[in-house]
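Architecture at a glance
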Amino acid sequence: MTLFVLALANAAELRSDMTRISPEEVYVMTCATAVEDAGSDHQKVIDLWVACDTEAVRRELDGARPFIRGQIAMSEIARDYSRLAAEDPLEYARVVLAVSAQRRDAALPFDDVQAAWLRVMQDSEARMNVEDVRSVTIRWLPAATGTEPQRAILDELVRKHIADMGFKIRPGDDADSAEAAVMIFVEPVFRVAQEGDPSRGKLHGSEVELKSQPVRYRDRDAKGAPLRVTERADYRDKDEAIRTATDAAARAFAEQLLVQVVREVYTDYELPVARRL
């Protein structure tokens, strides 16, 4: 739980304009800090998060609820499968992925989902079982915004962040790119969110949006929902604002892709019988 609080705090510190922290984010951070006092009592932690969810409804903070429900889900996993985590880390990772896939109203902490996915990728046999979603091709749709160098940097960053998720990413113009298991057509959009004037304390604001067509799972003869992310950065330096927003959008896009792939693979996964300590 301490790591969760730190992650929220670090995310807030990375914001170039602190006024953009939403009431929902503040509320989740407040709940996380309160839950810390429960220590390792899993049921008490669950009860406190459930109380936070109830209060979020009363305050009409609907945007906070997926994250709160994600904390409830992870706390239930800790309560029910702690032994499995020690005895069979690979199966424990699959449990985390299955819960992420099956609880569509909950946003499990992304670091936990990513760690579980990468644990599966470390096992050669388990990795072979998901080869039908591992290779990815990104193809860029014509863009009316952004310079060619900006789009090139975006392409590089999207590839980097998708590769960091354990996928094999092919260049869009590669001869074998059409054979990738996952094909995504994406339109990039670069916007000036705010004209800067540092001499008057006014920061440059930049937005980068990535909008995809439905994700194609070629080897599964299936389609996933379109992916869409928008990230903004505000800095004194205009180029720094664009670079930061570009990297944030690329990372968020890769995260959305991984969450969708996990749902594609693990929605029907049968959870093992809970083994509480």
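Whatever comes next refers back to the structure up there.
Residues numbered from 1 in each chain as written. Predicted model: local features only at pLDDT ≥ 70, side-chain atom pairs only at ≥ 80, totals over all residues. Heavy atoms only, no water.

1. Concerning the overall build of the protein chain
Just so we agree on the cut-off: What counts as a helix is a DSSP run of H or I of at least four residues, what counts as a strand is a run of E of at least two, and both are numbered from the N terminus. Here the radius of gyration uses the C-alpha set of atoms, whereas the globule reference equals 2.2 Å times the residue count to the power 0.38. Summary of the burial criterion: residues with accessible area below 20% of their type's maximum are buried, those above 50% are exposed, and those between are partly exposed, where the area comes from a 1.4 Å probe applied to protein chains only. Any two residues whose heavy atoms approach within 4.5 Å at even a single point are treated as in contact. Note on areas: Shrake-Rupley, 1.4 Å probe, and residue coverage restricted to the protein chains presented here. Neither His nor the chain ends contribute to the count of charged residues, in which Lys and Arg are positive and Asp and Glu negative. Note on charges: their place is set at NZ of Lys, CZ of Arg, CG of Asp or CD of Glu.
Of regular secondary structure, the protein chain possesses nine helices and seven strands. On C-alpha atoms alone, the protein chain measures out to a radius of gyration of 20 Å, which is about the 19 Å that the 2.2 N^0.38 rule sets for 277 residues. Here the C-alpha coordinates of the protein chain stretch approximately 55 × 50 × 30 Å along the principal axes. By residue count, 41% of the 277 residues in the protein chain fall in the buried class. By sequence separation, contacts in the protein chain at least 24 residues apart represent 68% of the contacts at least 6 residues apart. Roughly 14500 Å² of accessible area belongs to the protein chain as shown, and the carbon and sulfur atoms make up 50% of that amount. Charged side chains of the protein chain number 38 positive and 49 negative; the gap between the two group centres comes to 2 Å.

2. Thoughts on the pairing of strand S4 (residues 204-212)
Basically, it comes down to this: Should DSSP find at least two bridges between two strands, the strands are regarded as paired.
Most of S4 sits inside the fold, with seven of its nine residues counted as buried. One ladder, built from eight bridges, connects strand S3 (residues 182-194) with S4; its direction is antiparallel. Looking across to S4, one finds that Val192 is bridged to Ser206. When S4 meets strand S7 (residues 228-235), the two strands line up antiparallel, connected through eight bridges. If you follow Gly205 over to S7, its bridge partner there is Asp234.

3. Overview of the state of the cysteines
Applicable threshold: Cysteine sulfur atoms that come within 2.5 Å of each other are treated as a disulfide pair.
Under the counting rule described, the total for this entry stands at one disulfide. Covalently, Cys31 is tied to Cys52 through a disulfide, its sulfur atoms 2.4 Å apart. Across the S-S bond linking Cys31 and Cys52, the dihedral sits near -115°, which makes this disulfide left-handed. In this pair, Cys31 is assigned in helix H2 (residues 23-36) and Cys52 in helix H3 (residues 42-58), connecting sequence segments 21 residues apart.

4. Points about the pattern of salt bridges
Operational definition: By salt bridge we mean one thing: a side-chain nitrogen of Lys or Arg within 4 Å of a carboxyl oxygen of Asp or Glu.
Here the structure, examined in full by the defined rule, presents 22 salt bridges. The residue Arg159 makes a salt bridge to Asp155 at a minimum N-O spacing of 3.0 Å. Within this pair, Arg159 and its partner Asp155 are both found in helix H8 (residues 148-164), separated by four residues, close to a single helical turn. The exposure classification of Arg159 matches that of Asp155, with both residues buried.

5. Quick notes on H3
To keep it simple, the criterion reads: To estimate how far a helix should extend, the number of its residues minus one is multiplied by 1.5 Å. As used here, the arc is the angular range of directions from the helix axis to the C-beta atoms.
If you check H3, its first and last C-alpha atoms are 25 Å apart, about what 17 residues at 1.5 Å a residue would give, namely 24 Å. All of the buried residues in H3 are Val45, Ile46, Trp49, Cys52, Asp53 and Ala56. Buried positions in H3, seen along its axis, are confined to an arc of 120° and lie on one side of it. Facing away from the buried side of H3 by over 90 degrees, the exposed positions are Thr54 and Arg58. Glu60, located one to two residues past H3, shows a positive phi value of around 60°.

6. Some remarks on the environment of Val186
Mapping Val186 onto the fold places it in strand S3. Residue classification places Val186 among the buried residues on the basis of a relative accessible area of 1%. For the pair Val186 and Asp176, spaced 10 residues apart in sequence, the C-alpha to C-alpha distance is 19 Å. The residues touching Val186, leaving out its near neighbours within four places in the chain, are Ile138, Arg139, Trp140, Leu141, Leu210, Lys211, Ser212 and Phe253.

7. As for the environment of Val96
Mapped onto the fold, Val96 is located in helix H5 (residues 89-102). Note: C-alpha distance between Val96 and Leu271 (175 residues apart in sequence) is 9.6 Å. Once you skip the residues sitting within four places of it in the chain, Val96 turns out to touch Met74, Ile77, Leu108, Asp112, Val113 and Ala116.

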